[in-house]
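# Breakdown of the fold
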Amino acid sequence: MLKGKTALITGSTSGIGLAIARAFAKEGANVMLNGFGDKDAIEKERAGLEKEFGIKARYSAADMTKPAEIADMVSATEKEFGALDILVNNAGIQHVANIEDFPVEKWDAVIAINLSSSFHTIRAAMPGMKKRKWGRIINIASAHGLVASTQKVAYVAAKHGLVGMTKVVAMEAANDGVTCNAICPGWVLTPLVQKQIDDRAKASGKSVRDEEIALLSEKQPMHKFTKPENIGALAVFLAGDAAESITGSAYSIDGGWVAQ
Ligand code: NAD
């Protein structure tokens, strides 16, 4: 379905981003991976995608807190593959604390990675997309892009900002063949969430399983995690022809979290 297209997925060495990269590769798209992690493990993943799906996969180590590295990553993608057709802004981190205890450097890092990096990637990718009259921008926001929780001031501010950015970009590119949408997942069991569960278990003295159930049931009517590959499938749908008139939307995939 996406043969001949190129997708750049930020933060795709782990969790949701990796599942999205796999979903695009499965559809025949070439992929540019990005994110941190063990060099050998990343190379194994990159080579594995090429072998399994017969596509071209490359890796950029660009740090999403560094605008110059982000611009270089976008131009390297265009140079390597001839175009950047699908941009998925997925890299993200979390920090949990009340605002009065929230370290300033954590605020700066969450805003840089979860919000500003998308401004920088879109700013760099948009001219090529407009020129080619085709582009798909998919921003991985969160249920926290639509509603709040305590102790997540930076994350909630960044994700609400990302949903706002999605709307502006959608409007600006509405007649250039470029769509921009957000995906708003609820709980997905990835390293980002596992850390929150482990921290809760440490603080409460309860078992990890008990805290897993508590975490889910505090927020979601559906007491199960969304699978990363289901987010990949939604991203593939938004990149396809059937979604050509969907733009400026925020898609919840959250077990009913924001329905309440
Ligand atoms: P994860 O920790 O498994 O993956 C995060 C990825 O971002 C990794 O590849 C990491 O290397 C990369 N990254 C972190 N800092 C970076 C930086 N400075 N530069 C480049 N890459 C960097 O997390 P995840 O749960 O897969 O989260 C992916 C996205 O989904 C995030 O934006 C997150 O906010 C969002 N999200 C996750 C959940 C969930 O329940 N897991 C729910 C809603 C939204």
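In this report, we go over the structure that sits alongside the text. (Residues numbered from 1 in each chain as written. Predicted model: local features only at pLDDT ≥ 70, side-chain atom pairs only at ≥ 80, totals over all residues. Heavy atoms only, no water.)

## Observations concerning the pattern of salt bridges
Formally: Basic side-chain nitrogens of Lys or Arg form a salt bridge, by our definition, when they fall within 4 Å of a carboxyl oxygen of Asp or Glu. Three labels apply to residues, based on accessible area from a 1.4 Å probe with only protein chains included: buried if under 20% of the type maximum, exposed if over 50%, partly exposed otherwise in between.
Evaluation of the coordinates by the stated rule reveals 14 salt bridges. Residue Arg 58 is joined to Glu 50 by a salt bridge in which the shortest nitrogen-to-oxygen separation is 3.0 Å. Taking the relative accessible area as the measure of exposure, Arg 58 reaches 27% and is therefore partly exposed. Here Lys 66 ties to Asp 63 by a salt bridge, and the two come within 3.4 Å at their closest N and O atoms. According to the relative accessible area criterion, Lys 66 is partly exposed, its value standing at 40%. Overlapping salt bridges bring together Glu 43, Arg 46, Glu 50, Lys 56, Arg 58 and Glu 80 as one network.

## Topic: the pairing of strand β1 (residues 6–9)
Keep this limit in mind: Secondary structure follows DSSP: runs of H or I at least 4 residues long count as helices, runs of E at least 2 residues long count as strands, and numbering of each begins at the N terminus. Should DSSP find at least two bridges between two strands, the strands are taken to pair. With its strands directed away from the observer, a crossover is right-handed exactly when the path from the first strand over the helix to the second travels clockwise.
Across the two faces of β1 the burial is the same, with Thr 6 and Leu 8 and Ala 7 and Ile 9 all buried. Where β1 lies against strand β2 (residues 30–34), three bridges are found, and the strand directions are parallel. The partner of Thr 6 across the bridge, within β2, is Asn 30. Handedness of the β1-helix α1 (residues 15–26)-β2 crossover: right-handed.

## Some remarks on the packing of α1 against helix α8 (residues 228–239)
Cut-off, in case you're wondering: Orientation is described by axes fitted as lines to C-alpha atoms, over the contacting stretch for helices, and by angles from 0 to 180 degrees between their N-to-C directions. Any angle that falls under 35 degrees is termed roughly parallel, while one over 145 is termed roughly antiparallel, one within 65 to 115 roughly perpendicular, and all others oblique. For any pair of crossing helices, the crossing counts as left-handed if the nearer helix is rotated counterclockwise from the farther one by less than a right angle, and right-handed if it is rotated clockwise. By definition, residues are in contact when any of their heavy atoms lie within 4.5 Å.
Running from N to C, α1 and α8 cross one another at 50°; their axes reach a closest spacing of 8 Å. Viewed along their axes, α1 and α8 adopt a mutual orientation that is oblique. With respect to the hand of their crossing, α1 and α8 are arranged in right-handed fashion. Contact residues: Gly 15, Ile 16, Ala 19, Ile 20, Ala 23 and Phe 24 in α1; Pro 228, Glu 229, Ile 231, Gly 232, Ala 235, Val 236 and Ala 239 in α8.

## Details of unusual backbone geometry
Look at Lys 133: it is not a glycine, yet its phi comes out positive at around 60°. Positionally, Lys 133 belongs in the loop between α4 (104–132) and β5 (135–140). Even without glycine at this site, Gln 151 takes up a positive phi of about 65°. In this structure, Gln 151 sits in the loop between β5 and α5 (153–172).

## A few points about the packing of helix α6 (residues 191–204) against helix α7 (residues 208–219)
To be explicit about the condition: Residues are sorted three ways: Asp, Glu, Lys and Arg are charged, Ala, Val, Leu, Ile, Met, Phe, Trp, Tyr, Cys and Pro are nonpolar, and all the rest, Gly among them, are polar.
As a packed pair, α6 and α7 sit with axes 9 Å apart at the nearest point and diverge in direction by 115°. The two elements α6 and α7 cross, and the hand of that crossing is right-handed. Across the interface between the two elements, Val 193, Gln 194, Ile 197, Asp 198, Arg 200, Ala 201 and Ser 204 from α6 touch Val 208, Glu 211, Glu 212, Ala 214, Leu 215 and Glu 218 from α7. Class assignment for the residues of the contact of α6 with α7 results in six nonpolar, two polar and five charged.

## Structural notes on the site of the ligand
Where we set the bar: Whether a residue is near a molecule or strand depends on its heavy atoms: it is near if one of them lies within 4 Å of it. N or O atoms within 3.5 Å of each other form a polar contact, as long as, within protein, one can give a hydrogen and the other can take it, and as long as residues adjacent in sequence are counted only when both atoms are side-chain atoms. Within this scheme a cavity is a closed region of a 1 Å grid, computed over the protein atoms alone, that accommodates a 1.4 Å probe without allowing it to escape, whereas a pocket is open but has protein on both sides within 12 Å along at least five of seven lines; lining residues each have an atom within 4 Å of a point. Criterion for pocket placement: a molecule counts as inside a cavity or pocket if more than half of its atoms are within 2 Å of its grid points.
Among the 30 residues in the neighbourhood of the ligand, the closest are listed as Ser 14, Asn 90, Tyr 155, Val 188 and Thr 190. In the environment of the ligand, an oxygen atom lies 3.2 Å from a nitrogen or oxygen atom belonging to the backbone of Gly 11. In the environment of the ligand, an oxygen atom lies 2.6 Å from a nitrogen or oxygen atom belonging to the side chain of Ser 14. Judged by the fraction of its atoms near the pocket grid, the ligand is located in the largest pocket. Going through the elements one at a time, α1, α5 and α6 are the ones with two or more residues in the shell around the ligand. Counting residues per element, the shell around the ligand draws most heavily on α6, which supplies three residues. Grouping the amino acids of the shell around the ligand by side-chain chemistry returns 16 nonpolar, twelve polar and two charged.

## As for the side chain of Asp 85
Of note, Asp 85 is situated in the loop between α3 (67–81) and β4 (86–89). Not counting chain neighbours up to four residues away, the residues in contact with Asp 85 comprise Gly 4, Lys 5, Thr 6, Met 129, Arg 132, Trp 134, Gly 135 and Arg 136.

## Quick notes on the sheet that holds β2
Reading across the sheet, the seven strands line up as β3-β2-β1-β4-β5-β6-β7 and stay open at both edges, with parallel pairing between neighbours. On the outer flanks of this sheet lie β3 (57–60) and β7 (250–253), each paired with one strand and no other. Each neighbouring strand pair of the sheet contributes to a mean axis angle of 20°, computed without reference to strand direction. Relative to strand β6 (residues 178–185), α5 is tilted by about 160°, and along the sheet it contacts β5, β6 and β7.

Everything listed here is a matter of coordinates, which is why it stays silent on function.
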